[in-house]
Amino acid sequence: MGRRAPYWLALPGWIWLGIFLVVPIAAMASVSLTTGNLIDGFAQTLSVSNYSDAIAKYSTQLVRSLVYGGVATLLMLLLGYPVAYWIAFKGGSRKSMYLFLLLLPFFVSFVLRTISWGFLLADDGILFGTLKGWGLLPADFHVLATTVAVIGGLVYNFLPFMILPIYVALERVDPRVVEAAYDLYASRLDAFRRVVLPLSLPGVFAGVLMTFVPATADPVNAAVLGGTGNTMIGNIIQTEYLVNSNYPTASALSFTLMAVLLIGIFIYARTLGTDNVLEAAAR
Amino acid sequence: MTEAIPAIELDGVVKEYLSHGETVQAVKGVSLAIGEGEFFSLLGPSGCGKTTTMRMIAGFEEPTKGVIKLLGQDVTDVPPNKRDINMVFQSYALFPHMNVWENVAFGLRRRKVAESEIKRRVGEILEIVDLTGREKRRPREMSGGQQQRVALARALVNRPRALLLDEPLGALDLKLRQHMQIELKRIQREVGITFVYVTHDQSEALTMSDRIAVMNDGLVEQLAGPREIYERPASKFVAGFIGTSNLLSGTVDTINGSSAVVKLGTDDRILVASPAAAGETVDLTVRPEKITISTEQPEGELSVVRGTVNEVVYLGTYNSYAVGLADGAEIMVFQQNANDSSVTAERGDTVWLSWQPQHSYAL
């Protein structure tokens, strides 16, 4: 009994996952292969063409989502790494306060935060309206309903998920190891490139996963900040489900997105897997 | 060594920290010169400033006051990566993401040494520390003793002017530690590099060092060879910190030429070869193994005290006696079990303790 106790303790968690993850996914997989409509009802026809039709129809949005998600993730990495580094190494006794500040936006709902970005970026809002009033910006300058606004919103909303895992990884780097690098004639840049950065890569890896996946699938930012020309795949899935009640297409799109993300993650893990990068850094 | 330029020279080095708004002096003014090729130890209890002193030599801390010279050159403001000194860290601080070879080659690569030269020197040093064949291992796949030797090789391969070692054997078990003490001494002889060894373990310092600086409370209490430190401690602190010491306190009774007679109890007299005025109170020390224990009053020009045996402990190579004196002080006596291990006196017996006058001195 003693040795098995951990397994029994894990059982409720497994049951939870089974009911709320596996069952809905299986149900959705089944729906994605049906044909029909809301009025006549849906029938299971194992129609694989749902997938090819959906992909053909929405490939633009799918590719756009991946590009937006990718660019946003890259920006988050560039913005987030220095913040995580600064908190981990220069935060001193105020580290927990900085981490709290980082999480503070989460006390306001995700949608509300995005809407307030809409206010902020509005053509004649507090920011641009004032600047235009001062003549610092041309009258036709606008950000809202552009790609910049959508990616900016994604970066803003998911940035903490990039910073936190990198911070955790940096926090675990033994300062003596960094000192050892200096002691062995490494410059500041060398010590960072060859020791600190490689040792923080597991955090970077986790941060990229935790931001790229939700950013790519996110419907809120594109809907609130993007206007008509920046629709992402999340918006399509939402519309197909909630507006058009086209459940098979929506399900097929969801699975396509999931498959693309999983394949992307697999390739990412293989090529940028920590071992390969560490090997390069050791040279 | 008088004419030669010292490998490392500290002149009036002070280190102050700001802790909770208060200035704390970790090092209160240390001046010392370490000769080339010397095995030099900084010995003291934790918090005595030995580690801070070493970190200043390495360049990780900047002295608040004073000058640090390396082979006559002022390096006080030189950052650690530009100092020709390497360090072996207490917890080894090996690069966890690199294998043994890469760890050892790190310094040479930063110095842009040619690959063929790196290959030769890394191979050579791994042979010296007996790690040939383990080049591809990662630090976490190695035992503490092996990691220790990687750390040593990683520093030595650069052929630094001096090697700093921060309690490098602290994490090893006793057997391995004793083995590594001998190894370190051998390696130091082989490479001929100045070693600065920081430790709180007095036996370690005594075993390996050419000279020892005993530190206490941010200052050097005594700087001398191991024998002198042990035989002639310069202060109460040194006497107490190094080995077992009996500290006695008495009044100078008479002065007899160059030696004074110190009275403890009624029949006791201790001969001290130091000039002190009659009537003065002096502290003196005598090592337990210098004392002879007997049941009859000994004859001759000896220091003699009488007491009662409080405790006898058999310790294999020697017997240890705790003898209580009339004034309440207790003296430890070690008696070698050279011929047989039977004890001279039992608990409660009255005994005479005697020793040669040169073995006790006023502090």
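Counting from 1, residues in each chain are numbered in the order their sequence is written. Chain letters and ligand numbers both follow the written order, the letters beginning at A and the numbers at 1. In view of the model being predicted, local features appear only for residues whose pLDDT reaches at least 70, and side-chain atom pairs are presented and counted only at 80 or more, with totals across whole chains, interfaces and linings using the full set of residues. Heavy atoms throughout the structure, all of them, feed into the side-chain values; hydrogens and water do not.

By the naming in an unreviewed UniProt entry, chain B goes by Spermidine/putrescine import ATP-binding protein PotA and is assigned to Acrocarpospora corrugata. UniProt positions are given in the numbering used here, feature names are shortened, and annotations may be inferred rather than shown by experiment. UniProt, in the comment section headed Catalytic activity (unreviewed entry), describes chain B in these words: "ATP + H2O + polyamine-[polyamine-binding protein]Side 1 = ADP + phosphate + polyamineSide 2 + [polyamine-binding protein]Side 1." UniProt, in the comment section headed Sequence similarities (unreviewed entry), describes chain B in these words: "Belongs to the ABC transporter superfamily. Spermidine/putrescine importer (TC 3.A.1.11.1) family."

The name that an unreviewed UniProt entry assigns to chain A is ABC transporter permease, with the source organism given as Acrocarpospora corrugata. Recorded in UniProt under Subcellular location (unreviewed entry), the annotation for chain A is "Cell membrane". The record held by UniProt for chain A lists under Sequence similarities (unreviewed entry) the comment "Belongs to the binding-protein-dependent transport system permease family. CysTW subfamily."

Counting its regular elements, chain B contains eight helices and 20 strands. Each principal axis of the C-alpha distribution contributes one length, and for chain B these read about 75 × 45 × 45 Å. All tallies of charge rest on Lys and Arg as positive and Asp and Glu as negative; His and the ends of each chain are not included. Charge placement uses NZ in Lys and CZ in Arg. For Asp and Glu, CG and CD serve respectively. Charged side chains of chain B number 39 positive and 47 negative; the gap between the two group centres comes to 11 Å. To qualify as a helix, a DSSP run of H or I must reach at least 4 residues; to qualify as a strand, a run of E must reach at least 2; elements of each kind are numbered from the N terminus.

Looking now at the sheet that holds strand β11 (residues 246-256) of chain B. All names here are of chain B. For two strands to count as paired, DSSP must find a minimum of two bridges between them. One open sheet holds the five strands; their spatial order is β13-β12-β11-β14-β20, and the pairing between them is antiparallel. Edge positions in the open sheet fall to β13 (270-272) and β20 (361-362), since each of these has one partner strand only. Of the pairings in the sheet, the one linking β11 to strand β14 (residues 281-286) comprises six bridges and is antiparallel in character. In the strand pairing of β14, N246 is matched with V286.

The next point concerns the pairing of strand β16 (residues 303-314) of chain B. Residue and element names in this part refer to chain B. Looking at chain direction, β16 and strand β19 (residues 350-355) are connected through six bridges and run antiparallel. The residue of β19 that forms the bridge with S303 is W355. Sheet topology note: the β16/strand β17 (residues 318-325) ladder contains seven bridges and is antiparallel. Counterpart to V309 in the pairing with β17 is V323. Counting the residues in the hairpin turn of β16 and β17 gives three residues, including G316, whose phi is positive at 80°.

Now for the interface of chain B and chain A. Between chain B and chain A, the contact holds 28 residues from the first and 21 residues from the second. Here the buried area means the combined drop in accessible surface, using a 1.4 Å probe, for two parts upon being joined, counting both sides. A combined buried area of about 2300 Å² lies between chain B and chain A, and 58% of that area is made up of carbon and sulfur atoms. It is N81, H97 and R110 of chain B that lose the most area in chain B upon contact with chain A, and together they represent 28% of the buried surface on that side. Between Lys or Arg on one side and Asp or Glu on the other, a salt bridge is scored when a side-chain nitrogen of the former is within 4 Å of a carboxyl oxygen of the latter. Between chain B and chain A we count two salt bridges in total. When the shortest N-O distance is used, the salt bridge between R110 of chain B and D190 of chain A registers 3.5 Å. In the analysis that follows, any N or O atom pair within 3.5 Å is treated as a polar contact, provided that within protein one partner can donate a hydrogen and the other can accept it, and provided that, for residues neighboring in sequence, both atoms belong to side chains. For the pair chain B and chain A, the number of links is seven residue pairs in polar contact (both at pLDDT 80 or more). If you list the elements that add at least two residues to the side of chain B that touches chain A, you get β6 (85-88) and α2 (100-110) of chain B. Examining the composition of the side of chain B that touches chain A, we find that five residues originate from one element, α2 of chain B, more than from any other. Contact between two residues is taken to exist if any of their heavy atoms lie within 4.5 Å; hydrogens are not considered.

A word on the packing of aromatic side chains. All names here are of chain A. Centre distance within 6.5 Å is the pairing criterion for rings of Phe, Tyr and Trp, where only the six-membered ring of Trp is used; planes under 30 degrees apart are then read as stacked, over 60 as edge-to-face, and the remainder as tilted. The tally for this structure, following the rule as stated, stands at 20 aromatic pairs over all chains. When the ring of Y81 is compared with that of F192, the centres are 5.8 Å apart and the planes differ by 90°; the resulting orientation is edge-to-face. With Y81 in helix α2 (residues 49-90) and F192 in helix α8 (residues 188-217), this residue pair connects regions lying 111 residues apart in the sequence. Taken together, Y81, Y85, F89 and F192 form an aromatic cluster joined through their ring pairs.

Let us now look at the pairing of strand β10 (residues 219-224) of chain B. The pairing of strand β9 (residues 211-216) of chain B with β10 of chain B spans five bridges and is classified as antiparallel. Residue pairing in the sheet places M215 of chain B in a bridge with V220 of chain B of β10 of chain B.

Here we come to the domain arrangement of chain B. All names here are of chain B. How far each domain reaches was decided by an automatic or database domain assignment. The domain architecture assigned to chain B consists of domain 1 (8-240) and domain 2 (245-362). Averaged C-alpha coordinates put domain 1 and domain 2 at centres separated by 39 Å. Taken residue by residue, the interface counts seven residues in domain 1 and eight residues in domain 2. For the pair domain 1 and domain 2, the summed buried area comes to about 790 Å², and 46% of that belongs to carbon and sulfur atoms. Applying the counting criterion to the domain 1 and domain 2 interface returns two salt bridges. The salt bridge partner of E231 is K290, with a shortest N-O separation of 3.3 Å. Connecting domain 1 to domain 2 are five residue pairs in polar contact (both at pLDDT 80 or more). Broken down by secondary-structure element, the contributors of at least two residues to the side of domain 1 that touches domain 2 are α7 (226-231) and α8 (236-241). Among the elements that line the side of domain 1 that touches domain 2, the one with the most residues is α7, at three residues. Split by residue class, the side of domain 1 that touches domain 2 holds four nonpolar, no polar and three charged. Charged residues are taken to be Asp, Glu, Lys and Arg, nonpolar residues to be Ala, Val, Leu, Ile, Met, Phe, Trp, Tyr, Cys and Pro, and polar residues to be all remaining types, Gly included.

On to the sheet that holds strand β15 (residues 292-294) of chain B. Residue and element names in this part refer to chain B. Spatially, β15-β19-β16-β17-β18 is the arrangement adopted by the five strands of the open sheet, whose pairing is antiparallel. Since the sheet does not close on itself, it has two edges, and those belong to β15 and β18 (330-336), each with one partner. In this sheet, neighbouring strand axes are inclined to one another by 45° on average, regardless of whether the strands run parallel or antiparallel. Sheet topology note: the β17/β18 ladder contains seven bridges and is antiparallel. Bridging across to β18, G324 finds its partner in E330. To obtain each axis, a line is fitted to C-alpha atoms, and for helices this fit is confined to the stretch in contact; angles are then taken between N-to-C directions over 0 to 180 degrees.

What follows concerns the UniProt feature "domain: ABC transmembrane type-1" (unreviewed entry) in chain A. In the numbering used here, UniProt assigns the feature "domain: ABC transmembrane type-1" (unreviewed entry) to residues 62-268 of chain A. Along residues 62-268 of chain A, the helical share is 78% and the strand share 0%, with 19 Å between the first and last C-alpha atoms.

A word on the UniProt feature "transmembrane region" (unreviewed entry) in chain A. All names here are of chain A. The positions that UniProt labels "transmembrane region" (unreviewed entry) are, in the present scheme, residues 7-29, 66-87, 99-121, 141-170, 191-213 and 250-269. Along residues 66-87, the helical share is 100% and the strand share 0%, with 30 Å between the first and last C-alpha atoms. The annotated region residues 250-269 carries 100% helix and 0% strand content, and the separation between its end C-alpha atoms amounts to 28 Å.

Right, let's get into the packing of α2 of chain A against α8 of chain A. Residue and element names in this part refer to chain A. Two numbers describe how α2 lies on α8: the axes approach to 9 Å, and their chain directions differ by 135°. Taken together, the axes of α2 and α8 lie oblique to each other. When the axes of α2 and α8 are compared, the crossing they make is right-handed. Residue-level inspection shows S65, L66, G69, G70, T73, M76, L77, Y81, Y85 and F89 of α2 in contact with α8, the latter providing F192, V196, L197, S200, V204, V208, T211, F212, A215 and T216. Class assignment of the residues belonging to the contact of α2 with α8 gives a composition of 13 nonpolar, seven polar and no charged. Relative orientations are named as follows: roughly parallel for angles under 35 degrees, roughly antiparallel for angles over 145 degrees, roughly perpendicular for angles from 65 to 115 degrees, and oblique for any other angle. Crossings are classed by handedness, with left-handed meaning an anticlockwise turn of the near helix from the far one by less than a right angle and right-handed meaning a clockwise turn.

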